[in-house]
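Results of the structural survey
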Amino acid sequence: SVHPHDLVPPFSIGYLATIFDEKGFGVRVIDTLVEKLRKNELIELIDKGKPDMVIIDSTTSSDNLLGEISKSLSSTNNIRVWAIGQYSSTLPEVLLNNNTGIEGCIIKEAEATAVELIDTLNRGEELKKVKGIAFFSKKDNKIIITEERNFIEDLDRLPSIDYRFLKYKRYRVFSAHIPVFKRLKWGFLLTSRGCPYKCIYCSPTLRESYGDKFRANTAVRVVDQMEELASVYGVNTIAFQDENFTFDKKRAIDICKEIIKRGLKIKWVIQARADHLDKEVLQSLKDAGCVYIGIGVESGSQRILEILNKGESRETIKQSIQQAHKIGI
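Heads up: these notes are all about the structure in this document.

Here we come to the overall build of the chain. Tallying secondary structure elements over the chain gives 13 helices and 11 strands in all. In terms of overall dimensions, the chain is globule-like: its C-alpha atoms have a radius of gyration of 21 Å, near the 20 Å expected for 329 residues. Each principal axis of the C-alpha atoms in the chain carries an extent, and together these give about 65 × 45 × 45 Å. For the chain, the residues scored as buried account for 47% of the 329 residues in total. Contacts spanning at least 24 positions in sequence make up 67% of the contacts within the chain whose residues lie at least 6 apart. Surface accessibility of the chain: about 17,200 Å² in total, with carbon and sulfur atoms responsible for 50%. Taking the average place of the 49 positive charges on the side chains of the chain and the average place of its 45 negative ones, the gap between the two points comes to 4 Å.

Here it is as structure tokens:
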């Protein structure tokens, strides 16, 4: 039997689908993580939709598959294929050289770039003026990487993901223990991006994609989205996918206050570093319905923690876990 693993929505794809829909584009999302399609079935499904453009989020591990799919789509039906994600952001030249069926890559955050890219393609204008992309220029006979695009500073500008584009009932968390007896209906939020820490085991491509500056939704915006997940999609448990939900202590406490003020009765789980979980934060989390915290411990050895460049002590980790248990999380 296969050990169950968490199934989390593809946030970038979800945001893009929502933004494109608001722009009046016809959108279809295929998440191969939950739809379990064979390569031929996937190509047939895309062909059937007769799209003008396909945007693929892929990793280096699926490079061969990416190549076969993009080549099939671009050669048989003249579909424009573009890539987004960690592979696209970190190794755009490698991706384009390995996959001749792909027209270009969006580098780093795709939400602002993709709309400008499509508008530029529709107008038949030069791609060189679009910031944050890489593409093969036939005119120059080389790969061109355009000027870098700044990260999105105000995350509140992004819309709430329209989960109707995704098979939202299929996403779930197995790694968190939730002390309830009813059926869990999971909702997912990513309310912050960027991490300033330099732990050596962390994915460098993820750090490259979102940067090292912490950026976050405001507390009101976060709770608005929690309410929306509950009312529109019938969610009763929310898994925050933020790398370090409590990095900004004031924001974390403000979110808790806002949940309590609105009387929002919902269970939720977070991920956090132990050194960002003091007694005040933990009590606020508990009072507002947080029932589980995933803490990145990494090792019980101080020597190993230092080698990993974790930036926190064994004692801090131990105290935070004890304090969380004492408070009832």
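Looking now at the sheet that holds strand S6 (residues 186-189). Strand order in the open sheet made by the four strands is S6-S9-S10-S11, with parallel pairing throughout. With one partner strand each, in any of the chains shown, S6 and strand S11 (290-295) form the two edges of the open sheet. Averaged over neighbouring strand pairs, the angle between their axes works out to 20° when direction is ignored. Relative to strand S9 (residues 237-240), S6 runs parallel, the two sharing four bridges. Of the residues in S9, the one forming a bridge with leucine 189 is phenylalanine 240. The strands that helix H11 (residues 279-287) touches are strand S10 (267-272) and S11; relative to S11, the one it contacts most, it runs at about 135°.

Let's shift gears to helix H13 (residues 314-327). Since the α-helix turns once every 3.6 residues, residues separated by three or four places project in the same direction. The terminal C-alpha atoms of H13, which comprises 14 residues, lie 20 Å apart, in line with the 20 Å expected from a rise of 1.5 Å per residue. All buried positions along H13 are accounted for by Ile317, Ser320, Ala324 and Ile327. Down the axis of H13, the sector holding all buried residues measures 105°, keeping them to one side. Seen from the buried face of H13, the exposed residues on the opposite side, beyond 90 degrees, are His325 and Lys326. For H13, the secondary structure elements touched by its buried residues are H11 and helix H12 (302-307). Directly after H13, the chain includes glycine 328, whose backbone phi takes a positive value near 110°.

Take the packing of aromatic side chains next. For the coordinates displayed, the defined rule picks out 10 aromatic pairs. The interplanar angle of 55° and the centroid separation of 5.8 Å between the aromatic rings of phenylalanine 20 and phenylalanine 25 together place this pair among those described as tilted. A relative accessible area of 10% means that phenylalanine 20 is categorised as buried. Each member of the aromatic cluster is reached from another via a ring pair, and the members are Tyr163, Tyr168 and Tyr233.

Here we come to the side chain of threonine 113. Inspection of the secondary structure puts threonine 113 in helix H7 (residues 110-123). For threonine 113, a relative accessible area of 0% translates into the label buried. Leave out the neighbours within four places in its chain, and threonine 113 touches Ile106, Val130, Lys131, Gly132, Ile133 and Arg149.

Relative to the 20 Å expected for 14 residues at 1.5 Å per residue, helix H10 (residues 249-262) spans 20 Å between its end C-alpha atoms, a close match to the ideal helical length. Taken together, the buried positions of H10 are Arg251, Ala252, Ile253, Ile255, Cys256, Glu258 and Ile259. Looking at the buried side of H10, the elements it contacts are strand S7 (192-193), strand S8 (215-216), helix H9 (219-233), S10 and H11. Backbone nitrogen of lysine 250 and a side-chain oxygen of the N-cap are separated by 3.2 Å at the start of H10; the cap is aspartate 248.

All right, on to the pattern of salt bridges then. A side chain of one charge can pair with a side chain of the opposite charge if their charged atoms are brought near each other. For the structure on display, the rule yields 29 salt bridges. Between aspartate 140 and lysine 128 there is a salt bridge whose closest N-O contact spans 3.1 Å. In this pair, aspartate 140 sits in the loop between strand S4 (133-137) and strand S5 (142-145) while lysine 128 sits in the loop between H7 and S4, placing the two residues 12 residues apart along the sequence. Close ionic contact of arginine 251 with aspartate 242 constitutes a salt bridge, the shortest N to O distance being 3.4 Å. Like arginine 251, the residue aspartate 242 is buried in the burial classification.

What follows deals with the environment of asparagine 150. One can find asparagine 150 in the loop between S5 and S6. Each C-alpha atom, one on asparagine 150 and one on lysine 108, is 9.1 Å from the other, the two residues being 42 residues apart in sequence.

Strand pairing in a sheet is mediated by backbone hydrogen bonds. Such pairs are either parallel or antiparallel. The strand order across the open sheet formed by five strands is S1-S2-S3-S4-S5, and the pairing between neighbours is mixed. Taken across any chain shown, the strands that pair with only one partner, and hence form the sheet edges, are strand S1 (53-57) and S5. Recorded for the sheet is a direction-independent mean angle of 25° between the axes of neighbouring strands. When strand S3 (residues 104-106) meets S4, the two strands line up antiparallel, connected through three bridges. Residue glycine 104 lies in a different strand from S4, and its bridge partner there is phenylalanine 135.

Definitions and cut-offs
- Residues numbered from 1 in each chain as written.
- Predicted model: local features only at pLDDT ≥ 70, side-chain atom pairs only at ≥ 80, totals over all residues.
- Heavy atoms only, no water.
- Helix = DSSP H or I, 4+ residues; strand = E, 2+ residues; numbered from the N terminus.
- Rg over C-alpha atoms; globule rule 2.2 N^0.38 Å.
- Buried < 20%, exposed > 50% of the residue type's maximum accessible area, 1.4 Å probe, protein only.
- Contact = heavy atoms within 4.5 Å.
- Areas by Shrake-Rupley, 256 points an atom, 1.4 Å probe, with all protein chains shown as cover.
- Lys, Arg positive; Asp, Glu negative; His and termini not counted.
- Charge placed at Lys NZ, Arg CZ, Asp CG, Glu CD.
- Pairing = 2+ DSSP bridges.
- Axes fitted to C-alpha atoms, helices over the stretch in contact; angles between N-to-C directions.
- Expected span 1.5 Å × (residues − 1).
- Arc of directions from axis to C-beta.
- Phe/Tyr/Trp six-rings, centres within 6.5 Å; stacked < 30°, edge-to-face > 60°.
- Polar contact = N/O pair within 3.5 Å; in protein donor to acceptor, adjacent residues only side chain to side chain.
- Salt bridge = Lys/Arg side-chain N within 4 Å of Asp/Glu carboxyl O.

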